[in-house]
Amino acid sequence: METGVRIYNVEPLMEKGHLDHEQVGSMGLVEMLHRSNLLALVGGGSSPKFSEISGLPLTLHVGPDNTPTCQAVLIWDDAREGKDSKDKLVLEFTFTKPVLAVRMRHDKIVIVLKNRIYVYSFPDNPRKLFEFDTRDNPKDPAWPHHPLYQPTLPHTLGLCDLCPSLEKQLLVFPGHKCGSLQLVDLASTKPGTSSAPFTINAHQSDVACVSLNQPGTVVASASQKGTLIRLFDTQSKEKLVELRRGTDPATLYCINFSHDSSFLCASSDKGTVHIFALKDTRLNRRSALARVGKVGPMIGQYVDSQWSLASFTVPAESACICAFGRNTSKNVNSVIAICVDGTFHKYVFTPDGNCNREAFDVYLDICDDDDF
C-alpha cells in the first residue's frame, strides 16, 4: 500500500496492527511467516523508504524503462523492541533485479525474480542454499486493478509455492517449457548441487497460477487461458483431476486448498469465486451431456470436466484472493474473499452446493483494535 502495511485477523475481522508510511514508506510486497511476528517487506509504489532505513546507498533503483533494477527484501521483527524502525529490521537480502514474490516457512525463505529463484536458510544465520533458473514469469494481468497501479510501471507475476509442512519441503515453480511445472524436494537436494527438478507438463500455454496443498502431496495449476484447473500428485506426477472454471478465457488470481484438502477455491477476473470438491468429486457438477453417452473426442473433454460445487460473486472489476475459513460445523464450510477495493466477503457452503453470504465489510475502514 502507498500508506504502509496493515495486518488483519480474519475470524473475527479486525486490524491487529499497522506499519505507517513514516515507518516503512510505500510497499510493493509483504509476506508474513504463518501467524508470527516476522514480515518480509519489499518497497514499491511512489515513495519507498528502505534506502533510508537500511542505510544502503539505494535499495530501489529505477531503470530507463521505469522498472526497478535493484531491490532488497527486509525482514521485520515486530516483537523486537526499539525506538525507531531500523531497530526492528533484522535481516536484509539485496538483489540486482526486481523481487517479484517472497515465500517463507519456518526454516527457509524463497525469493522469486523474473527468471531465477533463490532459497536461503532462515531465520537464523541465513545462507544461500539453492538457486534455480526458471522460465520468464509472465506479466501480471491483475496489475491494472492493483492500488499501486501506474501505467509506466510494468508488473510481473512471481509464480512459486512452498509447502509449509514439517514433513515435506517441496517447492514448485514454472518449468522452462511452456506450461510446465518444476518440483524440487529441498530436503533431499544437497545445497550447492545442480539437481534436476521433476517436471510436470501441466498446460499448453503459460502457467498463470500454482498452489500446493498443506501436506505437499497435490499441486494445482491453471494456465493463462484460465478455463481449467489441473491437479497432480507430487510424488507420481500423475494428473488426478481436471476442474473446469468455465468455457470463456479468464485471468485466475488465486487457487487455494482447504486445510484438509477436501475442497479447492479459485478466483478470477470474471468476478466469481468457484468452490470445488476434491475428497468426494461426485459432489461437483457435471455437464448435462455427460448423461447422453458417447460423444466425439473434442466434446468429450468438455463433457468429462467437473464443474464447481458452488460459487459466489464479488465485484468483477476488483482483483481478489480467496481462502477457506474455519469450519462452523461438520457439513458447513466457509470461503473468504479479500478484494483490492477494500471489501471483505465471507460465504458459507454445504456439500449439496448451497452457498450464502455470512459477512461483508470494508476492511480498510476498520481501525486497529488498540484504537478503540
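Anything mentioned here points back to the structure above.
Below, the structure is looked at part by part. What you see is a predicted model, and the numbers here were worked out from it, not measured in a lab. (Residues numbered from 1 in each chain as written. Predicted model: local features only at pLDDT ≥ 70, side-chain atom pairs only at ≥ 80, totals over all residues. Heavy atoms only, no water.)

1. Thoughts on the state of the cysteines
Item 1. For the structure shown, the criterion picks out zero disulfides.
Item 2. Sulfur of Cys-209: no disulfide; nearest cysteine sulfur belongs to Cys-254 and is 6.1 Å away.
Item 3. The cysteine Cys-320 is free of any disulfide, with Cys-339 supplying the nearest cysteine sulfur at 4.3 Å. (Disulfide = S-S within 2.5 Å.)

2. Description of the sheet that holds strand β12 (residues 161-162)
Item 1. Taken in spatial order, the four strands make up an open sheet running β12-β13-β14-β15, and their pairing is antiparallel. Each edge of the sheet is formed by a strand with only one pairing partner; in this case those strands are β12 and β15 (198-201).
Item 2. Across two bridges, the pairing between β12 and strand β13 (residues 170-174) is antiparallel. When the bridges of β13 are listed, Leu-162 appears paired with Leu-171. (Pairing = 2+ DSSP bridges. Helix = DSSP H or I, 4+ residues; strand = E, 2+ residues; numbered from the N terminus.)

3. Some details on the nonpolar core
Where a protein is soluble and globular, its nonpolar side chains tend to be buried together.
Item 1. Counting 21 residues, the largest nonpolar core has Val-273, Ile-275, Phe-312, Val-335 and Phe-349 as the members making the most contacts within it.
Item 2. Here Val-273 is in contact with Ala-266, Ser-267, Ala-310, Ser-311, Phe-312, Val-314, Cys-320, Cys-322, Val-335 and Ala-337, once residues within four sequence places are set aside.
Item 3. Listed in part, the 18 residues of the second largest apolar core include Leu-33, Leu-38, Leu-113 and Tyr-120. (Core = buried A, V, L, I, M, F, W, Y, C linked by side-chain atoms within 4.5 Å. Buried < 20%, exposed > 50% of the residue type's maximum accessible area, 1.4 Å probe, protein only. Contact = heavy atoms within 4.5 Å.)

4. Looking at the packing of aromatic side chains
Both the distance between ring centres and the angle between the ring planes are used here to describe each pair of aromatic rings.
Item 1. Tallied over the entire structure, the rule returns 10 aromatic pairs.
Item 2. Aromatic side chains Phe-95 and Tyr-120 sit 6.5 Å apart centroid to centroid with 70 degrees between the ring planes, which places their arrangement in the edge-to-face category. Taken together, the positions of Phe-95 in strand β7 (residues 89-95) and Tyr-120 in strand β10 (residues 116-121) put the pair 25 residues apart, joining distant regions of the chain.
Item 3. Assessed through its relative accessible area of 5%, Phe-95 is described here as buried.
Item 4. Tyr-120 gets classed as buried once you look at its relative accessible area, which sits at 13%.
Item 5. Taking 6.5 Å as the distance between ring centres and 35 degrees as the angle between the ring planes, the aromatic pair formed by Phe-263 and Phe-324 counts as tilted. Note that Phe-263 is positioned in strand β21 (residues 263-268) and Phe-324 in strand β26 (residues 320-324), a separation of 61 residues in sequence.
Item 6. Ring-pair connections join several aromatic residues into one group, and the members of that group are Phe-93, Phe-95, Tyr-118 and Tyr-120.
Item 7. Sitting over the ring of Phe-198, Lys-237 keeps its end group 4.2 Å from the ring centre. (Phe/Tyr/Trp six-rings, centres within 6.5 Å; stacked < 30°, edge-to-face > 60°. Lys NZ or Arg CZ within 6 Å of the ring centre and 35° of its normal.)

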